[in-house]
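Fold and geometry: a report
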Amino acid sequence: MNREELKFYSGKRVLVTGHTGFKGSWLCKILMDAGAEVTGYGLEPPTNPNLFSMCGLEKGIRSVSGDIRDLEKLRNVFREVQPEVVLHLAAQPIVRESYGNPVYTYETNVMGTVHICECVRGFASVRSFLNVTTDKVYQNREWEWGYREEDPLDGYDPYSNSKSCSELVTHSYQRSFLKEQGVAVSTARAGNVIGGGDFAPDRIVPDCVRAVQEGRSIIVRNPFSVRPYQHVLEPLMAYLMIARRQYEDPRFAGCYNVGPEDQDCVTTGSLVSLFCEKWKDGSSWENRGDNGPHEAGFLKLDCSRLKHVYGWRPVWNVEQAIEKTVEWYQEYLSGGDVAACMERQIQEYLAGEKAWK
């Protein structure tokens, strides 16, 4: 997705669920700047502080406070907005939280998907629907190569498993109803995202920021776990690319992994070491397991399909991703203009794009 391709969204009616979250806020910012008529549907921002409020999105989009589990309210929003493009990000996204509250996790991630699919089915205005899931949908065998879209879906923990179910719900609606109605449907399975404005608990970069802010050592629970870390702009631009291309030609619809190059799938310890290096204040980390619930030790994605079908390539490597992330948080902690920092990073990303087709 480059500057010219983003012009596709100018004047388009776009509905984003989960718009008040970390990824949703960045996505709405991109769409708003592209001239889209954005409606966001989601809960109140999940953290305090939060990126949604910081970047003033409520002034540039229509923000509807609602639970994805509330089918009738969601239907009313569809009825009023008549969206052309629907991007579904609403979720309970934290693995550890899913162990503590599995019922809520399944209600949100599975029935929430049923509700959004039912609304897409019920409104002829929708031409393109993208359900954002996760790299954790796969049955994780702890092997060293990347999972492909044809590999079995069977997430281990309630979060991962509920996202596997969300994929299956989407596939069923696509085969049973949406394809016949002319709605192009895709799912996108993104790797671990990092970037400025994430304040969620139990995520490695926000944990790093909280530690350096408090002047203490960063605690790393699983330093040897390998993850496909990428800057948040990587999957978001891929989502917009998929939604645009399938809107124009439904043959582009499908299931797609979105992740970094193999060399950028690094251990959590390596990521935190990069963070400390870029922060430049003598920050350090220590390995301290807390006997928490099971989390995957090794996870990589094979993104060959997205590369082949769309000519897509990642723009920033993991070092650049950390550099941009640190830049945002240091702007925030110094009382600077974080919205301007976001705009600058979006433009830098687009300027560095590698000739996607």
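Attention here is on the structure that accompanies the text. (Residues numbered from 1 in each chain as written. Predicted model: local features only at pLDDT ≥ 70, side-chain atom pairs only at ≥ 80, totals over all residues. Heavy atoms only, no water.)

1. What to know about the packing of helix α12 (residues 318-333) against helix α13 (residues 338-351)
- Put simply, α12 and α13 touch, their axes get as near as 9 Å, and they point 160° apart. As the angle between them shows, α12 and α13 are arranged roughly antiparallel. Read as a crossing pair, α12 and α13 show a hand that is right-handed. Where α12 abuts α13, its residues Lys324, Glu327, Trp328, Glu331 and Tyr332 lie against Val338, Cys341, Met342, Arg344, Gln345 and Glu348.
- Residue composition of the contact of α12 with α13, grouped by class: 5 nonpolar, 1 polar and 5 charged. (Axes fitted to C-alpha atoms, helices over the stretch in contact; angles between N-to-C directions. Helix = DSSP H or I, 4+ residues; strand = E, 2+ residues; numbered from the N terminus. Parallel < 35°, antiparallel > 145°, perpendicular 65-115°, else oblique. Left-handed = near helix turned anticlockwise from the far one by under 90°. Contact = heavy atoms within 4.5 Å. Nonpolar A, V, L, I, M, F, W, Y, C, P; charged D, E, K, R; others polar.)

2. So, the sheet that holds strand β5 (residues 128-132)
- With respect to topology, 7 strands assemble into an open sheet ordered β3-β2-β1-β4-β5-β6-β11, the strand pairing being parallel. Edge strands, defined here as strands with exactly one partner in the open sheet, are β3 (62-65) and β11 (255-258). On average, each strand axis in the sheet is tilted by 20° relative to the strand beside it, whichever way the strands run.
- Of the strand pairs in this sheet, strand β6 (residues 184-190) and β11 are connected by 4 bridges, and their pairing is parallel. Across the sheet, Ala188 pairs through a bridge with Tyr256, a residue of β11.
- With respect to the sheet, helix α2 (residues 22-33) is in contact with β1 (13-17), β2 (37-42), β4 (85-88), β5 and β6, its orientation differing from that of β1 by roughly 170°.
- Seen against the sheet, helix α6 (residues 102-122) touches β1, β4 and β5 and runs at an angle of roughly 175° to β4. (Pairing = 2+ DSSP bridges.)

3. Observations concerning the packing of aromatic side chains
- In this structure the tally under the stated criterion is 16 aromatic pairs.
- Residues Phe199 and Tyr329 carry aromatic rings whose centres are separated by 6.0 Å and whose planes lie at 80° to one another, so their mutual orientation is edge-to-face. Residue Phe199 is located in the loop between β7 (193-194) and α8 (204-213), and its partner Tyr329 is located in helix α12; the two are separated by 130 residues in the primary sequence. By the burial criterion, Phe199 is buried, and Tyr329 matches it.
- Ring pairing ties together the aromatic residues Tyr138, Trp143, Trp145 and Tyr147, which thus form one cluster.
- The cationic tip of Arg121 hangs over the ring face of Phe177; the distance from NZ or CZ to the ring centre is 4.5 Å.
- The ring of Phe252 carries Arg245 above its face, with NZ or CZ at 4.3 Å from the centroid. (Phe/Tyr/Trp six-rings, centres within 6.5 Å; stacked < 30°, edge-to-face > 60°. Buried < 20%, exposed > 50% of the residue type's maximum accessible area, 1.4 Å probe, protein only. Lys NZ or Arg CZ within 6 Å of the ring centre and 35° of its normal.)

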